Structure formats: structure tokens, C-alpha cells
Amino acid sequence: MLVGTIFNVTAAEFSTQEKRVAILPFSVKGNFDALYAEVAQDNFTTELIKGGAYRVVERSQLDKAMKELKFQSGNDFDESSAMEVGKLAGAEIVAIGIVTALKNQIIVNIRGISVKTGIAEFAEREFIKTQDELLTVVEKIARKLSDTGASTAPSYGTNNFSTPNYASPAPAMDFSISEEYGNVPLS
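From a predicted model like this one, the values you see are computed outputs, not experimental measurements.

**Student:** Would you mind showing me how to read the pattern of salt bridges here?
**Tutor:** As a working rule, side chains carrying opposite charge can pair if their charged atoms are close by. Summed over all chains, the structure comprises six salt bridges. Note that Lys 19 is salt-bridged to Glu 121, the shortest N-O span being 3.7 Å. Pair noted here: Lys 19 is in strand β1 (residues 19–23) and Glu 121 is in strand β6 (residues 120–128), with a separation of 102 residues, a long-range link. Residue classification places Glu 121 among the partly exposed positions, given a relative accessible area of 42%. Measuring nitrogen to oxygen at the nearest pair gives 3.1 Å for the salt bridge that ties Lys 50 to Glu 47. Of this pair, Lys 50 and Glu 47 both sit in helix α2 (residues 34–51), three residues apart, which is roughly one turn of that helix.

Here is the structure:
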């Protein structure tokens, strides 16, 4: 016998399910101006907030956690220390940005790691030619993550697994069995 429940989830209720992200200082490898990485972190933070799929831990909270754990910069972080900072800052995910300058290109990697499991929740990589491109490419990554964050959320509608439209109220979700048993509710 199957037992289930019919869920009624609205867009307003879903918005409380946004993940809290702590964005750590971006680390720099190779011959690259650290000021660009610092500004890129700010641009990434702003775009992620604007995207609305994640709630971003404010820098003052993050600075407090980093100071308590005696970390200074993005170059101090490995994944386990990043998770410690994230937990202390009250985040569910820590975002780590790494900018690597090679001879003919610059590689920008941004990963979001779950502080509970240590598993990467998201990862993006872009290749650029100049330091100036870094500022816009991190904004592009943040917009992409915001779009992805929204689309990996629970969907709305009857047996429809598409991205929800947050502009209009979401209908009740109807979990029913239809192929094999006809349209039979699971309650």
C-alpha cells in the first residue's frame, strides 16, 4: 500500500528555502594582481545577492569567523578550513574562488561546498585573457549560479518538473500516480 501526502507549496514559502552562502576571499595563483581578485569577489557577491537564489552571509559575519579561526586571505583556505569558516558564519555553503594566471590565459574557478557534507553543490570555470575580464566574468558566473540555483529547487505544477515561475503564485503540487494506476492521489 502506498501512503503519501499532497503538498501545497507556494513561491513565498519556497523563498525561505534559499541556501545561505559564505563567499570566502578569492585566492590568487601566479602573476595576478590581488586587488582584481578582491574586487571580483565583491562583484560576485553583489550579483549572487541580486540573483535571489541564495542568501549571502554578510562580510562582517564572515570576517568575524575568519578572525576567530585565524585566517587572513583566500590563500589560507583548503576545503576543510573553508567548511569550518562557513559553519561558524552560519552558512550552508561556502563559495571558494580561485584565480590562476598562466602564461597565456587566466582560469577562474568558483565552487560551492556544503558545510555539512563537504560535497560540491556547484562549480563553474571560465577562461579569460586579461585581468580586466575577471570583473565581468565573475558576474556572469553568479548570474548562472542564480539561474541554476532556482532551477534545481522543487518545481511547481501537476507532475511538471520545469523551472517555476516566481512572478506568479505557484499552484499546489499534486503528487499522484497516473501512468500505471490512473490519476490516483497518494493520500
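**Student:** Explain the pairing of strand β5 (residues 106–114) here, please?
**Tutor:** Every other side chain in a regular strand lies on the same face of the sheet, so the side chains alternate between the two faces. Across the nine residues that make up β5, a large majority, seven, are buried. Strand direction decides the pairing type here: strand β4 (residues 93–101) and β5, joined by nine bridges, are antiparallel. Its bridge partner being in β5, Ala 101 is matched across the sheet by Ile 106. Counted along the chain from β4 to the antiparallel partner β5, the turn is four residues long. Pairing of β5 with β6 involves eight bridges; the strand directions are antiparallel. The partner of Gly 112 across the bridge, within β6, is Phe 122. Connecting β5 to the antiparallel partner β6 that follows it, the hairpin turn spans five residues, and Gly 118 within it adopts a positive phi of roughly 80°.

**Student:** I keep staring at the nonpolar core and nothing clicks. Help me out?
**Tutor:** Nonpolar side chains tend to gather and get buried jointly when the protein is soluble and globular. By size, the foremost hydrophobic cluster in this structure holds 27 residues, and its most contacted members are Phe 26, Phe 44, Leu 48, Leu 134 and Val 138. Broken down by secondary-structure element, the contributors of at least two residues to this core are β1, α2, β3 (54–56), β4, β5, β6 and α5 (131–151). In this structure, Leu 24, Val 57, Val 85 and Ala 89 belong to the second largest nonpolar core, which totals 16 residues.

**Student:** I'm lost on helix α3 (residues 59–68) in this one. Help?
**Tutor:** Note: α-helices contain 3.6 residues per turn, so residues at a spacing of three or four share the same orientation. Where α3 is concerned, the buried positions are Leu 62, Ala 65 and Met 66. Each buried residue of α3 sits inside an arc of 100° when the element is viewed along its axis, so together they form one side. Opposite the packed face of α3, turned more than 90 degrees from it, sit the exposed residues Lys 64, Lys 67 and Glu 68. Where the residues of α3 are buried, they touch β1 and α4 (79–88). Looking one or two places after α3, you find Lys 70, whose phi comes out positive at around 65°.

Each value, and the rule that gives it
- Residues numbered from 1 in each chain as written.
- Predicted model: local features only at pLDDT ≥ 70, side-chain atom pairs only at ≥ 80, totals over all residues.
- Heavy atoms only, no water.
- Salt bridge = Lys/Arg side-chain N within 4 Å of Asp/Glu carboxyl O.
- Helix = DSSP H or I, 4+ residues; strand = E, 2+ residues; numbered from the N terminus.
- Buried < 20%, exposed > 50% of the residue type's maximum accessible area, 1.4 Å probe, protein only.
- Pairing = 2+ DSSP bridges.
- Core = buried A, V, L, I, M, F, W, Y, C linked by side-chain atoms within 4.5 Å.
- Arc of directions from axis to C-beta.
- Contact = heavy atoms within 4.5 Å.

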